[in-house]
Amino acid sequence: MAEYSWPSKEDSRLIGKRHTRLDGLAKSTGAARYTYDVNLPNQLIVKALGSPHAHCKVMSVDVSAAEKTPGVVHVHVLRMPKKGDDGVMVYPEIQTEGELIVAVAAESEGAAAEGVSKIKVQYEQLPVFADDDDLDAAIKAGRTKRAGGKITLEKEPGDDEDEEEFEEKEIARLFKESAHVVEGHYGIDVITHCCLEPHGSTVEWKGGKLNAYLSTQNVSKTDDGFAAALDLTADDVDVHCEYIGGGFGSKFRPDYWGIAAAEISKATGRPVKFMLTRDQELKIAGNRPSGYINVKLGADKDGVVQIWDSQQWGTSGYDGGGVSDSVIPYVYRPKNYRRVATSIAVNADPQRAWRAPNHPQACAMTQTAYDDLAAKMQVDSLDIFLKNLANIEARQTAEVYTEELKLAAQLMDWKAKWHPHGKGPRKGSVVDGLGIGLHEWGGVANSSSVLLRVHADGGVSSYCGTQDLGTGTRTVCAIVLAETFGLDIDDVKVNIGHSTYPESGASGGSTTVGAVSESHRRAATDALARLFEKVAPALGAQPGDLEAKKGRIQVKGSPSKSLSWKEACSKLGMSTIEITTNYERGNKTNLSSEGVGGVQMAHVSVDLETGAVRVNKVVAVQDMGLIINRKAAESQIYGAVIMSIAYALFEQRIMDPKTGAFLNAELSDYKLPRLGDIGEIVVEMYEPESQRSRGVIGLGEPPVISGGAAISNAVCNATGVRVPVLPLTPQRVLKALG
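Residues numbered from 1 in each chain as written. Predicted model: local features only at pLDDT ≥ 70, side-chain atom pairs only at ≥ 80, totals over all residues. Heavy atoms only, no water.

Regarding the overall build of the protein
Rules: Segments assigned H or I by DSSP are reported as helices when at least four residues long, segments assigned E as strands when at least two residues long, and all are numbered from the N terminus. As defined in this context, the radius of gyration uses C-alpha atoms, and a globule is described by 2.2 Å times the residue total to the power 0.38. Only protein chains enter the area calculation, which uses a 1.4 Å probe; residues under 20% of their type maximum are buried, those over 50% are exposed, and those in between are partly exposed. Note on contacts: a residue pair is in contact if any heavy atoms of the two residues lie within 4.5 Å. To measure how exposed things are, a 1.4 Å probe is used in the Shrake-Rupley method; for residues, cover is taken only from the protein chains shown. Under the convention used here, Asp and Glu are negative, Lys and Arg are positive, and both His and the chain ends fall outside the count. To locate a charge, take atom NZ for lysine, CZ for arginine, CG for aspartate or CD for glutamate.
Looking only at helices and strands, the protein features 19 helices and 32 strands. For 738 residues, the compact-globule formula gives about 27 Å, and the C-alpha radius of gyration of the protein, at 28 Å, lands near that figure. C-alpha atoms of the protein, sized along the principal axes, occupy 80 × 70 × 65 Å. Classification of the 738 residues of the protein by burial places 59% in the buried group. Within the protein, contacts between residues at least 6 apart in sequence are counted, and of these 79% link residues at least 24 apart. In the structure as shown, the protein presents an accessible area of about 29200 Å², 48% of it carried by carbon and sulfur atoms. Taking the average place of the 81 positive charges on the side chains of the protein and the average place of its 96 negative ones, the gap between the two points comes to 4 Å.

Put into structure tokens, the structure is as follows:
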């Protein structure tokens, strides 16, 4: 079996360098064809009616007027009352505003919308609960359930002691002996995925098989989703996704509206385009859970936390849920801690994985308490964050975090800018401050297969059922192949985005770059070995003595004994090297690894009269093992930092507490940052050989995690007051300032 490895830093010609994305021009000029851009001949357009109520039963549906609307071709009822097996009528229960009830297919968008407007539905409204931040109200409404908890103490009870009584006494003793005790409330609201390209698909049937142009981050497995729902086999479905306009964890499956599109297409015998409207996108196509927490911590005289005690709550929608307690407290993990979690069910759509599930919330809910410790002690937050690295539970080491904190501090000019909380200089009504957050993530490579062909004319092409979620997947594949073959990136042709290609894992959890790097490096290494066997006789050498460099196959260290790439490939004669290589997630490998860390520091200004927060600068230091495309990796971090600023200062789902209505489910109302809100972003890759030698580790998630905590802590440093819940809107800042 071949030994797969990466070239050293000195020998790498392409890997680790800065490369412009292969599809950058197509995307920036509008030539890229997204699912939303797919229009098939003779297609129907579908619009859907969503529930106007957050909690109700559907008592009757009348679509007769819609069916008679000019241009309407087909009406598809998704939620219809019907008799059960016992003969009793069953009325569908709706648990969230916007859930789709009827879909109308028409010759035009206008006709479909008019048809939707003529649908008559009778509802029976049911009690609504929407206050996910109010634990007492949720308990009173019967909307809570225990969602986890854990107690860990250094000391254990004696054989004759009551365990619970011992724990209470031990926790009380630890707090009593603490030199510093901090109590605080922290939180972070629900936000939505807000994909620029809404969920949806364009589908058509040909010869009993389904072609689905689907906006998805899971090309290889959504064919199974269609097949299971439509009583097909997966080989009867071909999912296409060349480009995707955002997913962030919300586009792993066809969804029921995708299945409905296929059913309407089959019923009408025509292609169907069914994309959600913007308000439907925000209401039913993905959100991130909320989290709120009451914390009490005790620290020794040096500021090292000895005891942590917290009670958290939050929601993931009508199924309950919330932020997992397993990541509380985040990264920092004192030797003594107690955490209790409560789930709250509200009348809203269930959560979907959002970039680094649980981690941004956990970081913002807990590392703020560590910063409040620094504020109470009136010491430098950086010292507290460094000292508490003695007690962490993370997938990166304290030594790496220490170096990253020092590096970030240099880039921020921390020492020159820092001041005790609330005691900095004031310019008119504006004060400024510094804050820190740090994070961890897994990033293991997903499973991936690739079909690689090397042709006798020198052509190289690969076929892989992966997708480009925004990570520059095509370019990564091309870099790895070109590096291995000693070619330029433009010399290889990368094909992705079809479920008929060899299977590759979904883009979720920062697993894609590792996955395709594994499969493409393996395939190219194997193909090159086959080519060496064909070329060796012509060079009078053994296959093991050859190498690929600068567009030639040569005897190692002897460029004069060489053939050009095309001359070498011509030795294949009438044959083609065709290799399918597979990497299984979790297998031991030299090419990829898991476990990264990172640090972010924020410098903000706060207007004490208006409550407005402005981000002046964010420094992001990140390790990620081996970097394949430095430019794309930097872009990932820039984007993640901007996303952090968005949820730290702007984004929140606002629900009417009485009706459960999503009040800001349009981009005109759902606030996002503009370019002028971003400030300066400094990105620094932490890539000493000790990290590079670990191989490729996913990057997509980690840099979005700690920015929220860093900004919150910076606002606290500026004002001397904790604004407890993100986003830090002007209203919340002014309320905290009193």
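Here we look at the pairing of strand β12 (residues 200-206)
For the record, the criterion: The pairing criterion for strands is at least two bridges between them, as found by DSSP.
With five of seven residues buried, β12 is to be regarded as a mostly interior element. In this structure, β12 lies alongside strand β15 (residues 272-275), joined through four bridges in antiparallel fashion. Opposite serine 201, over in β15, you have phenylalanine 274 as the bridge partner. In terms of strand pairing, β12 meets strand β13 (residues 209-214) through six bridges, oriented antiparallel. Its bridge partner being in β13, glutamate 204 is matched across the sheet by asparagine 211.

Comments concerning the domain arrangement of the protein
Defined as follows: Where a domain begins and ends is set by an automatic assignment or by a domain database. Put simply, buried area is how much 1.4 Å-probe accessible surface two parts lose in total, over both of them, once they are put together. Throughout this description, the term salt bridge denotes a Lys or Arg side-chain nitrogen within 4 Å of a carboxyl oxygen of Asp or Glu. We define a polar contact as two N or O atoms separated by no more than 3.5 Å, with the added condition that, inside protein, one atom must be a possible hydrogen donor and the other a possible acceptor, whereas residues neighbouring each other in sequence contribute only through side-chain atom pairs. Residues are grouped as follows: Ala, Val, Leu, Ile, Met, Phe, Trp, Tyr, Cys and Pro are nonpolar; Asp, Glu, Lys and Arg are charged; all remaining types, including Gly, are polar.
Once the domains are mapped, the protein shows domain 1 (23-32 + 444-583), domain 2 (35-127 + 199-275) and domain 3 (358-443 + 594-737). One C-alpha centre belongs to domain 1, the other to domain 3, and the line joining them spans 39 Å. Tallying the contact residues gives 12 residues for domain 1 and 14 residues for domain 3. Counting the surface lost from both domain 1 and domain 3, the interface buries some 890 Å², and carbon and sulfur atoms represent 60% of this. One can count zero salt bridges joining domain 1 with domain 3. Across the contact surface, domain 1 and domain 3 share four residue pairs in polar contact (both at pLDDT 80 or more). Secondary-structure elements contributing two or more residues to the side of domain 1 that touches domain 3 are α13 (473-485) and α14 (512-539). The greatest single-element share of the side of domain 1 that touches domain 3, amounting to four residues, is contributed by α13. Looking at side-chain class alone, the side of domain 1 that touches domain 3 contains six nonpolar, six polar and no charged residues.

Remarks on the packing of helix α9 (residues 359-377) against helix α18 (residues 707-719)
Threshold: Axis lines are fitted to C-alpha atoms, over the contacting stretch for helices. Their N-to-C directions set the angle, which ranges from 0 to 180 degrees. For any pair of crossing helices, the crossing counts as left-handed if the nearer helix is rotated counterclockwise from the farther one by less than a right angle, and right-handed if it is rotated clockwise.
Between α9 and α18, the shortest axis-to-axis distance is 9 Å and the interhelical angle comes to 35°. The two elements α9 and α18 cross, and the hand of that crossing is right-handed. Where α9 approaches α18, its residues Cys363, Ala364, Gln367, Thr368, Asp371 and Asp372 are matched on the opposing element by Ala709, Ser712, Asn713 and Cys716. Classifying every residue of the contact of α9 with α18 by side-chain character gives four nonpolar, four polar and two charged.

Some details on the UniProt feature "domain: Aldehyde oxidase/xanthine dehydrogenase a/b hammerhead" (unreviewed entry) in the protein
Keep this limit in mind: UniProt positions are given in the numbering used here, feature names are shortened, and annotations may be inferred rather than shown by experiment.
In this structure's numbering, the residues bearing the UniProt feature "domain: Aldehyde oxidase/xanthine dehydrogenase a/b hammerhead" (unreviewed entry) are residues 29-127. Measuring from the first to the last C-alpha atom of residues 29-127 gives 49 Å, for a span that is 14% helix and 39% strand.

A closer look at the layout of surface pockets
Which entries qualify depends on this criterion: Here a cavity is any set of points on a 1 Å grid over the protein atoms alone where a 1.4 Å probe fits but cannot get out, and a pocket is any open set with protein on both sides within 12 Å along at least 5 of 7 lines; a residue lines the site when it has an atom within 4 Å of a point. Grid points are joined across faces, edges and corners, and a volume is the space filled by probe spheres set on the points.
What the second largest pocket holds in volume is close to 740 Å³. Surrounding the second largest pocket, 24 residues form its lining, Thr484, Arg521, Leu528, Glu547 and Ala548 being those nearest its centre. Top element by residues in the lining of the second largest pocket is α14. It accounts for five residues. Looking at side-chain class alone, the lining of the second largest pocket contains 10 nonpolar, five polar and nine charged residues.

Regarding the sheet that holds strand β3 (residues 72-77)
Strand pairing in a sheet takes place through backbone hydrogen bonds and is either antiparallel or parallel in direction. In spatial order, the strands read β3-β7-β1-β15-β12-β13-β14; together these seven strands make up an open sheet with mixed pairing. Only two strands of the sheet have a single partner each, and these edge strands are β3 and β14 (237-240). Averaged over all pairs of adjacent strands, the angle between strand axes in this sheet comes to 20°, irrespective of strand direction. This element, helix α3 (residues 109-117), spans β1 (44-50), β3 and β7 (100-106) of the sheet and lies at about 30° to β1. Where helix α6 (residues 219-230) meets the sheet, it contacts β12, β13 and β14, and its direction lies at approximately 140° from that of β14.

Remarks on empty space enclosed by the protein
Applying the stated criterion to the full structure yields three cavities of 30 Å³ or more. Volume-wise, the largest cavity comes out at about 60 Å³. Lining the largest cavity we find Thr96, Glu97, Lys283, Asn347, Ala348, Asp349, Arg653, Met655, Gly660 and Phe662. Residues belonging to the lining of the largest cavity are distributed by class as follows: three nonpolar, three polar and four charged.

Quick word on the environment of glutamate 483
Here glutamate 483 shows up in helix α13. For the pair glutamate 483 and valine 430, spaced 53 residues apart in the sequence, the C-alpha separation amounts to 52 Å. Beyond its immediate stretch of four places on either side in the chain, glutamate 483 contacts Pro7, Asp11, Ser12, Arg13, Leu14 and Ile15.

A few points about the packing of aromatic side chains
This is how it is decided: A pair of Phe, Tyr and Trp rings is counted when the ring centres sit within 6.5 Å of each other, with Trp represented by its six-membered ring. The angle between the planes then sorts it: under 30 degrees is stacked, over 60 is edge-to-face, the rest tilted. Sitting over a ring, as applied to charges here, requires NZ of Lys or CZ of Arg to be within 6 Å of the ring centre and within 35 degrees of the ring normal.
Scanning the entire structure with this criterion turns up nine aromatic pairs. An angle of 70° between the planes, with centres 5.5 Å apart, marks the rings of tyrosine 463 and tyrosine 501 as edge-to-face. Taken together, the positions of tyrosine 463 in strand β23 (residues 460-464) and tyrosine 501 in the loop between β24 (492-496) and α14 put the pair 38 residues apart, joining distant regions of the chain. Here the aromatic cluster, defined as three or more aromatic residues joined through ring pairs, consists of Trp308, Tyr332, Tyr370 and Phe385. One Lys or Arg, arginine 288, reaches over the ring of tryptophan 354 and ends 4.6 Å from the middle of that ring. Directly above the ring of phenylalanine 175 sits lysine 296, whose terminal nitrogen or CZ lies 4.5 Å from the centroid.

Concerning the nonpolar core
Rule in force here: Among buried residues, those of type Ala, Val, Leu, Ile, Met, Phe, Trp, Tyr and Cys that are joined through side-chain atoms within 4.5 Å constitute a nonpolar core.
Ranked by size, the top nonpolar core spans 94 residues in total, and within it Trp308, Leu438, Met601, Ile645, Leu649 and Ile711 carry the most contacts. Other than its neighbours up to four places away in sequence, isoleucine 711 contacts Ala602, Val604, Val615, Ser644, Ile645, Ala648, Leu649 and Leu728. Core analysis: the second largest hydrophobic core is formed by 48 residues, Leu452, Leu531, Ile577 and Ile628 among them.

Looking at the sheet that holds strand β10 (residues 180-188)
Pairing in this open sheet of six strands is mixed, and the strands run β9-β19-β18-β17-β10-β32 from one edge to the other. Every other strand in the sheet has two partners, leaving β9 (144-152) and β32 (725-726) as the edge strands with one partner each. Pairing of β9 with strand β19 (residues 336-344) involves seven bridges; the strand directions are antiparallel. When the sheet's bridge partners are listed, lysine 145 is paired in β19 with serine 343. Sheet strands in contact with helix α5 (residues 163-176) are β9, β10, β17 (291-299), β18 (305-314) and β19, and its direction is about 120° off that of β18.

Focus: the side chain of histidine 421
Summarising the element assignment, histidine 421 is placed in the loop between α12 (414-417) and β20 (426-427). A polar contact is formed between the side chain of histidine 421 and the side chain of aspartate 371, at a distance of 3.0 Å. Once residues lying within four places of it in the same chain are set aside, the contact partners of histidine 421 are Asp371, Ala374, Ala375, Gln378, Ser381, Cys716, Asn717 and Gly720.

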